[in-house]
Structure formats: structure tokens, C-alpha cells
Amino acid sequence: MLNKIIRYIFILCAVPVIILTGSFLFPEKSYAVISVLLVIFACIPFFISFENKKTSTRTLVIIAIMTALSVAGRFIFSPIPFFKPVTALVIITAVYFGSEAGFLTGALSAVISNFYFGQGPWTPFQMFAWGIVGFIAGLLSSQILKNKIIMILYSLLSGVIYSFVMDIWTTLWSDGYFNLTRFLASSVTSAPITAIYSISNLIFLLILLKPIGKKLDRFKIKYGI
Amino acid sequence: MKAFSNFHPVVIFIYFIAVFSVSMFIQNPVYLFISMTGSFLFLCVLNTIKTTIISFLKYIPFTVLITILNPLFSHNGATPLFFINDNAFTLEALIYGSVLALMILCVIFWFKCFNIIFNSEKILFLFGKISPKISLIFSMALHFIPNFSKYFNEVLSVQKKMKSNSKLKLYINCFSAVITHSFETSVDTADSMSARGHSTGKVTNFGRFRFKTNDFILLISIITLIILTYIAIVADNTKVVYYPVIIFSNSGISAFISYISFAVLCFLPGIYEIKEDLKWKYSISKI
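Residues numbered from 1 in each chain as written. Chains lettered and ligands numbered in written order. Predicted model: local features only at pLDDT ≥ 70, side-chain atom pairs only at ≥ 80, totals over all residues. Heavy atoms only, no water.

Describing the pattern of salt bridges
For side chains of opposite charge, pairing can occur when their charged atoms come near one another. Note the following rule: Salt bridges are identified by distance alone: a Lys or Arg side-chain nitrogen within 4 Å of an Asp or Glu carboxyl oxygen. Think of it this way: any DSSP run of H or I at least four residues long counts as a helix, any run of E at least two long counts as a strand, and we number them from the N terminus. Each residue is placed in one exposure class: buried if its accessible area under a 1.4 Å probe, protein chains only, is under 20% of its type's maximum, exposed if it is over 50%, and partly exposed if it falls in between.
Under the defined criterion, the tally for this structure stands at 6 salt bridges over all chains. With a shortest N-O distance of 2.5 Å, Glu100(A) and Lys53(A) are connected by a salt bridge. Pair noted here: Glu100(A) is in helix H5 (residues 99-117) and Lys53(A) is in the loop between helix H2 (32-52) and helix H3 (57-76), with a separation of 47 residues, a long-range link. Glu100(A) sits in the buried class, given a relative accessible area of 14%. For Lys53(A), a relative accessible area of 43% gives the class partly exposed. Taking the shortest distance from any N to any O, the salt bridge between Asp277(B) and Lys281(B) comes out at 3.3 Å. Linking Asp277(B) with Lys281(B), this pair stays in helix H10 (residues 252-286), spanning 4 residues, or about one helical turn. Given a relative accessible area of 51%, Lys281(B) falls into the exposed group. Salt bridges here are not isolated pairs; linked through shared partners, they connect Lys275(B), Glu276(B) and Lys279(B).

Encoded structure:
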């Protein structure tokens, strides 16, 4: 258990700390690439622990299905701008199948959807951002299911977490180091989009969580996952 | 006409890492300019010249924006051009901004080539051995996506005829139907996988890639060229300092060799594609 906690703390804290201290200590050097590498390394522990665990075939298929659904959702809802069910589906997966499944669904959705929308140096950041949204949702799963207020708060927060990570990326990429004024400026300019994302997450979760949850619960009992 | 993508995925991956490591890390305009022209040539061969030029023109406002924004955010540099609210708008910051813009453009263009050359099949081949479970999920998800989109369109066309909801509600209802359907089919998939012995032994991957002599030659030449490039970089012979004053050190023959070998590295795939194309046309004209 202690081992597990240490691993979680390492994953949650070490990487942001390294990125921030690195960019404060050496402001004249380009840290965009280093941050990309760090983000890739941040995803590795999740993949390793998933790889080493014994998982049933059905769980594998479920994660694949949820990933495919969230990627397909990005296409399906393309007529309605800004309303994308990806985050909501990642949260639902995490709530019902645990934080690890949530992380994997988030990270893989980012990679796979970028095959259609264009890979770039931002891919690892998207992987990390969606993965961490799913991971935290998995940790809070019982509260999210029981308490509606926490569910609403978290779905709003998830949009903020996502755009926070992506704003760090924008700053590092365009400046080569962590420029606080640039970070604040990009946060302010992205604020309306963040708000729309958060609200769309909320709408999707409010509409989808109950029906999908029912289906998943029935599914879990019927097939014993 | 993607002759370069016929090489072994490992070799192609190493090639892109080599090019990216210089174009992302090294803030020397000479390297960046070489890298930019190389990626431009490669993309011209992969797409048509017209689409490449159009996509290049699309990025010009973006590069101008980055160039101008940099001096507004960073006030380092020794030669102020003018002052805005007591903050200096310096020449050095402006030049650094343009170098940054060039760097970003380079990476975007190389990634465009990467997207065309490096498809999901190659990714699966590359990571299948390292992480069998995740690449299995990956390939299954890739298989499900078009199925779900197709099924969604079927449901949508029926639902549209039946009742007129608001657009968002309609889409969400249909999406919910897709979810139910996908769960039901997933059990079949999982059961048939178990029946065929999944999770009883090692997962093997199908890959139609073989490591040929050509791959070996390309690998050796990539490694030699990148080592020749990095000799000057490590020795600080091609170092550029931007703040407070721009110092452009271009000392000696090693810098020259470094530039030349990086140029060969960047132009390699474009020239290879052109060569293969000519060969193909020549062989057709003989018939």
C-alpha cells in the first residue's frame, strides 16, 4: 500500500516540479523539448504497471471500446463545435473501472485521435492532460458517484486541468522557457474556450453518467468483470 | 510514391529522432534554415508542390506573430529599438523571436512529413514488442473507430426521421445507442479472444517489415551524419548566444562539416523520393 502511495505521489508531483524548477533555473535554454521528454516519462509508470498486472481479456476490450468511443465521439460531434465527449467518457471509464483504466483511456484517446487530427509535439502533453484527468477521477470515483456536487465540480475542474497543462505547453513552446507573463496571458486568452470545455464536460457528464453507468453496472454484474 | 516509407520502421524512427533533435534543440539559424528547406522539399515530394506552398503561406501570420510577441514578453538584449511602458523592445529579442518562429515552423513541417510516413501500423510494429497489452488495445481501438462511426450514422438517419429533438439531444441519444451496441459486441470479441487462447501465452505481432541491406546502409549513414553534425555542436563551434549581444561563432572547418552533413541528412529523404520517382518513370518509358 505504501509502495502504491509513493508511486502515486511520484507520478503526481515529481514531473511538474522538475519542469518548473528546470525552467526557472535555466531560463536562457530551451526547455520545450525537455518538457516533452518529461511528459513522456510521466506516462511510462502507468503503462508499466498496467503491463505487469494480470488483466482479464474483457477489461482489455472494455478499455479499447471506451478509447474508440471517445475518439469516434470527436468525429461524431464535429457538427456541434466545442462539444466533445472525450473528457466525459474518460471520467466515466475512470469512475467505473478505476484510475488506471481512466489514465489509459485518456492517454490512448489523445494519441489515436491525433492520427486523424495531426500528431505534433503537443501529443505527449495531450496524453498526459487527459490521462491525469482520468486518473484523478478514478481516485475520486466513489465521491463522484455518491455526491452530485463533487461530480459537477470535478467535471468543471477537468476542463481547467486540461487547459492548465496545455497552457504550460504553449508557454514553453513559444518562449523556450517558462515565462510567467506569457503563461498568464495565454491562460487569459484561452479562458473562454476553457469555460466552454468545462461546461460541455458538465453537460455530457450530466446526461451520460447515469445511463452509461446503469449499462456498465448491468454489464459488470452480467459478465463478471 | 512514398519510397521512404518502405524502409524499416526502426530506421525511419531513428531518422526522425535525429532530425528532430537538431531542429528542436539547437537554436542556430543555419541549422534551422537547412532543416526547413529539407522538410519543405520532402513535403513537396510527398504532397504536391502547390499544397505545400499553400500550407507554408498559411503559417506566415503565425511566424510573424511569434517574432513580434517575443520582444514584448522578454526585455533582455543590449540594443533597444524603442520603449513601451518603460520596457525595452530590443533588437536581440526580435531576432531571437524570429529564430524561435523558424524553429516552430521547422518542427511543424517535419511533423507533417512524419504523419504521412509513419502510420499507425508502424507505431504498432515499433511498440508491439515493448508493450504487448497496450498495443493490443491500440489496434483494437483503431479497428472499432470506423465501425462505431458507421453505426452512429445508421442510427442517426433513423432517429432523424422519427422525431425532431434539439441537435445536441439527438446526437447524445444516438451516441448512447452506439455505446450500448458497442458493449454488447465487445463481450463477443472478448469471449472469442479467450476461446482462441488470449492471455494464455505470449502475444506475437504480425509485421510485414524485414530488415534489409538497404535499411542497414541507411541506418549507418544516418548515424555517421548525425555524429558528424554533433561534433561541432558539442565543441560549441556553432554556438549562437542571443542575450545580451548576439555572438555567432562559426569557427573552423568542423562547423562547415557539421552544416554540410546536416544538410545531407535533411535532404536525404526528399532526394531519395525523387530518385525513386525518376527510376519508376524511366522503367515505364522503357515499356
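On we go from here.
Describing the interface of chain B and chain A
What counts here: Every residue pair with non-hydrogen atoms within 4.5 Å of one another is taken to be in contact. In this description, buried area is defined as the sum, over both parts, of the accessible area (probe of 1.4 Å) that is lost when the two are combined. Nitrogen and oxygen atoms within 3.5 Å of one another constitute a polar contact, given that in protein one can donate a hydrogen and the other can accept it, and given that sequence-neighbouring residues count only through two side-chain atoms. Gly falls in the polar group here, along with every residue not listed as nonpolar (Ala, Val, Leu, Ile, Met, Phe, Trp, Tyr, Cys, Pro) or charged (Asp, Glu, Lys, Arg).
Contact with chain B, which involves 54 residues of that partner, is made by 61 residues of chain A. Counting the surface chain B buries against chain A, the share from its top three residues, Lys133(B), Phe175(B) and Phe183(B), is 14%. Inspection of the region where chain B meets chain A yields 2 salt bridges. Between Arg58(A) and Asp191(B) there is a salt bridge, with its nearest N and O atoms 2.7 Å apart. Taken together, the links from chain B to chain A amount to 9 residue pairs in polar contact (both at pLDDT 80 or more). Where the side of chain B that touches chain A is concerned, the elements lending two or more residues are helix H1 (9-25), helix H4 (60-73), helix H5 (91-117), helix H6 (120-128), helix H7 (132-162) and helix H8 (167-195) of chain B. Top contributing element to the side of chain B that touches chain A by residue count: H8(B), with 19 residues. Along the lines of polarity and charge, the residues of the side of chain B that touches chain A split into 34 nonpolar, 16 polar and 4 charged.

Things to note about the environment of Leu209(A)
Secondary-structure assignment places Leu209(A) in helix H9 (residues 180-223). Leu209(A) sits 116 residues away from Thr93(A) along the chain, and the two C-alpha atoms are 10.0 Å apart.

Comments concerning the nonpolar core
Our working rule: We define a nonpolar core as any set of buried Ala, Val, Leu, Ile, Met, Phe, Trp, Tyr and Cys residues linked to one another through side-chain atoms lying within 4.5 Å. Residue ranges assigned to the domains are those given by an automatic or database domain assignment.
Core analysis: the biggest nonpolar cluster contains 142 residues, and Leu69(A), Phe16(B), Trp110(B), Phe175(B) and Leu265(B) have the highest contact counts within it. Here the element with the most residues in this core is H5(B); it accounts for 16 residues. Looking at this core, you find at least three residues from each of domain 1 (3-124 + 207-286) and domain 2 (130-195) of chain B. Once residues within four sequence positions are removed from consideration, Leu69(A) is found in contact with Leu89(A), Phe148(B), Phe175(B), Val178(B), Ile179(B) and Ser182(B).

Focus on the layout of surface pockets
Definition in use: Method remark: on a 1 Å grid restricted to protein atoms, a set of points is classed as a cavity if a 1.4 Å probe fits but cannot get out and as a pocket if it is open with protein on both sides within 12 Å along at least five of seven lines; lining residues have an atom within 4 Å of a point. Grid points are joined across faces, edges and corners, and a volume is the space filled by probe spheres set on the points.
When its volume is computed, the largest pocket comes out at roughly 1400 Å³. If you trace the largest pocket, you find 35 residues lining it, with Ile40(A), Pro124(A), Met127(A), Phe13(B) and Phe127(B) closest to the centre. Contributions of two or more residues to the lining of the largest pocket are made by H2, H5 and helix H6 (123-139) of chain A together with H1, H5, H6 and H7 of chain B. In terms of residue count, the dominant contributor to the lining of the largest pocket is H2(A) (10 residues). In terms of residue class, the lining of the largest pocket is made up of 28 nonpolar, 6 polar and 1 charged. Formed jointly, the lining of the largest pocket draws a minimum of three residues from each of two domains, domain 1 (3-124 + 207-286) and domain 2 (130-195) of chain B. What lines the second largest pocket is a set of 34 residues, among which Met166(A), Asp167(A), Trp169(A), Thr170(A) and Ser190(A) lie closest to the centre. Every element with two or more residues in the lining of the second largest pocket is listed here: helix H4 (86-97), H6, helix H8 (148-175) and H9 of chain A together with H4 and H5 of chain B. Broken down by element, the lining of the second largest pocket gets its largest block of residues, 11 residues, from H8(A).

Structural notes on the packing of helix H2 (residues 29-46) of chain B against H10(B)
All names here are of chain B. Spelled out, the test is: Convention adopted: a line fitted to C-alpha atoms gives each axis, helices being fitted over their contacting stretch, and angles between N-to-C directions are expressed from 0 to 180 degrees. When an angle is under 35 degrees it counts as roughly parallel; over 145 it counts as roughly antiparallel; between 65 and 115 it counts as roughly perpendicular; any other value is oblique.
In the contact formed by H2 and H10, the axes pass within 8 Å of each other and the chain directions differ by 5 degrees. Between H2 and H10, the interaxial angle falls into the category roughly parallel. Residue-level inspection shows Val-30, Tyr-31, Ile-34, Ser-35, Thr-37, Gly-38, Leu-41, Phe-42, Val-45 and Leu-46 of H2 in contact with H10, the latter providing Ser-258, Tyr-259, Phe-262, Ala-263, Cys-266, Phe-267, Pro-269, Gly-270, Ile-271, Glu-273 and Ile-274. Here the residues of the contact of H2 with H10 are counted per class, giving 15 nonpolar, 5 polar and 1 charged.

Things to note about the pairing of strand E2 (residues 87-90) of chain B
Residues and elements named next belong to chain B. For clarity, the threshold we go by: Two strands pair under a simple rule: DSSP has to find at least two bridges between them.
By the bridge criterion, 4 bridges tie strand E1 (residues 80-84) to E2 in an arrangement that is antiparallel. Residue pairing for E2: Ile-84 is matched across the bridge by Asn-87. Taking the residues that link successive antiparallel strands as the turn, the E1-E2 hairpin has 2 residues, and the phi of Asn-85 there is positive, at about 50 degrees.

Considering the side chain of Ser109(A)
Residue and element names in this part refer to chain A. As for its position among the elements, Ser-109 is in helix H5. Since its relative accessible area comes to 1%, Ser-109 is described here as buried. In contact with Ser-109, other than residues within four places in its own chain, are Thr-67, Ser-70, Val-71, Val-86 and Leu-104.

Topic: the packing of aromatic side chains
This is how the line gets drawn: Note on ring pairs: Phe, Tyr and Trp rings are taken, using the six-membered ring of Trp, and paired if centres are within 6.5 Å. Classes follow the plane angle, with under 30 degrees stacked, over 60 edge-to-face and the rest tilted. A ring is considered to have a charge above it if a Lys NZ or an Arg CZ atom is located within 6 Å of its centre and within 35 degrees of its normal.
Scanning the entire structure with this criterion turns up 38 aromatic pairs over all chains. Taken together, a centroid distance of 5.7 Å and an interplanar angle of 50 degrees make the contact between Phe152(B) and Tyr171(B) tilted. Within this pair, whereas Phe152(B) is found in helix H7, its partner Tyr171(B) is found in helix H8, the two being separated by 19 residues in sequence. Taking the ring centre of Phe97(A) as reference, the NZ or CZ of Lys220(A) above it sits at 5.5 Å. Above the plane of the ring of Phe50(A) lies Lys133(B), whose end atom (NZ or CZ) is 5.6 Å from the centre.

Quick notes on the confidence of the model for chain B
Rule in force here: Across the chain, each position has a pLDDT score giving the predictor's confidence in that residue, from 0 to 100.
Averaged over every residue, the pLDDT of chain B is 86; residues scoring 70 or more account for 99%. Per-residue pLDDT, averaged within each element of chain B, yields its smallest value for E1(B) (79) and its largest for H2(B) (92).

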